[in-house]
Amino acid sequence: MADHGSNEQRALLENLYESMAPDSLTPLWEVLNALVQESPRSPAVVHKWSYERIRSFLMRAGDIISAEQAERRVLILENPGLEGQSAIIPSLYAGMQLILPGEIAPCHRHAQCALRFVMEGDGAYTTVDGEKAVMRPFDLVLTPGMQWHDHANHTDKPMIWLDGLDIPTVRLFDASFAERLAEKLHPETVAPGDTLHRYGGNMRPMRGSTADRRPAHQPLFHYPFEQWRANLTGMAATSDIDPHLGHALEFINPANGGSIMPTISAHVRQLPAGFETKPRRSSDGTIFVVVEGRGTALVNGEEHPLEERDVIAVPSWNELQLQAETDLILFGFSDKASQEKLNLYREMRA
Ligand code: 1HN
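From a predicted model like this one, the values you see are computed outputs, not experimental measurements. (Residues numbered from 1 in each chain as written. Predicted model: local features only at pLDDT ≥ 70, side-chain atom pairs only at ≥ 80, totals over all residues. Heavy atoms only, no water.)

In this section: the sheet that holds strand β8 (residues 140-143). Ordered in space as β2-β3-β10-β5-β8-β12, the 6 strands form an open sheet in which the pairing is antiparallel. Where the open sheet ends on each side, the last strands, each with one partner, are β2 (74-76) and β12 (222-223). Bridge count for β2 against strand β3 (residues 93-99) is 3 bridges, and the pairing is antiparallel. Each residue of the ladder has a partner; that of L75, found in β3, is M96. Of the strands in this sheet, β2, β3, β5 (114-120) and β10 (159-165) touch helix α3 (residues 51-64), which is tilted by about 55° from β3. (Pairing = 2+ DSSP bridges. Helix = DSSP H or I, 4+ residues; strand = E, 2+ residues; numbered from the N terminus. Contact = heavy atoms within 4.5 Å. Axes fitted to C-alpha atoms, helices over the stretch in contact; angles between N-to-C directions.)

Before going further, it helps to examine the state of the cysteines. Per the counting criterion, the structure on display carries 0 disulfides. Its sulfur unpaired, C113 is 16 Å from the next cysteine sulfur, which belongs to C107. On the basis of relative accessibility, which here comes to 5%, the residue C113 falls in the buried class. (Disulfide = S-S within 2.5 Å. Buried < 20%, exposed > 50% of the residue type's maximum accessible area, 1.4 Å probe, protein only.)

As a further point, take the pairing of β8. For a regular strand, side chains alternate in direction, first toward one face of the sheet and then toward the other. Burial along β8 is two-sided: L140 and L142 and V141 and T143, pointing in opposite directions, are all buried. In this sheet, β8 lies alongside β5 in antiparallel orientation, the contact comprising 4 bridges. Looking at β8, one finds that A114 is bridged to T143. In the sheet, β8 pairs with β12 via 2 bridges, with the strands oriented antiparallel. Its bridge partner lying in β12, L140 is registered against Y223.

What follows deals with the packing of aromatic side chains. The final tally for this structure, using the stated rule, is 9 aromatic pairs. Both rings, one in F225 and one in W228, keep their centres 5.1 Å apart while their planes meet at 80°; by these two values the pair is edge-to-face. Of this pair, F225 and W228 are both found in helix α7 (residues 225-238), 3 residues apart, which corresponds to roughly one turn of the helix. On the basis of relative accessibility, which here comes to 4%, the residue W228 falls in the buried class. Centroid distance W228 to F251: 6.4 Å. Interplanar angle 85°. Geometry classified as edge-to-face. Here the residue W228 occupies a position in helix α7, and F251 occupies one in the loop between β13 (247-250) and β14 (265-271), the gap between them amounting to 23 residues. Just as W228 is buried, F251 falls in that class too. Through a chain of ring-to-ring contacts, three or more aromatic side chains come together here, namely F117, F138, Y223, F225, W228, F251, F331 and F333. (Phe/Tyr/Trp six-rings, centres within 6.5 Å; stacked < 30°, edge-to-face > 60°.)

Below is the structure:
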């Protein structure tokens, strides 16, 4: 309450609150300022996870519980400011998943949208609606809402990837639906890579043809490292660099040119050695993965050193500057997709 009033008024108010509490009524005027802030003040904090530390705990988990028993063997990257919420920023979840040689993670589907960003290993696969996406380091693979998915590793090395899901967003809307397939693995209905040929090259099967087999709103689910890296490097070689972002390319859904999934946006950036971005704030909370190189994230002036495969969460409206010590390549995902749909998204460039 802005105006504290007299002791007498305070006593009357406290008495009122106590008597109406059993009726599930509370006074707005005590909380209004906290509810409607002039600018975002996230309960989530800036936090960095070292890949080596995550990996050592994940491998320990691998000795104790199988992927199948766990359904998904994942360590959640829980934001220290959001304890108990299984969230890395208020709207998104992130976890690191391990699948060992010979293991499978059984088939299911759910309303939540997921992305996988491959951190380690080569050749395990995620099957999406019956099509294998063979996963290579730093590939981006999607399992959009309600598409069947299972994982299997027939290689001789562990496979580790970062999962990004819109779990807290779906929870906010009370809209979670999920089911398991009766079989452990979805039958393979089409050759691996088929979708990349049909929908991954700025083309698509002609509408109404029998070849147009993927869901119209979400046809593509694999963005190979090989492709995005070549695009980014090619652009960086000839383009002026954006002072606030570095060289940045956003992944899109070819169905509409928008974000990869309805609730999650994703992009990659390249910063040449010695480059420092100008300060920038945005209302989307972003999770960055260091793909290559070394540098520093300066968040509100505080230094967070970045090494290969580190993960850093930068919640809404924190002022971010990136400094590249060597050539630096980053992957990032955020809730910009949701915010734009709700007309909430804003940014401020210094
Ligand atoms: C899920 O389906 C996966 O399919 C990973 O690999 C993490 C976290 C919460 C809910 C569903 C997967 C998940 C998840």
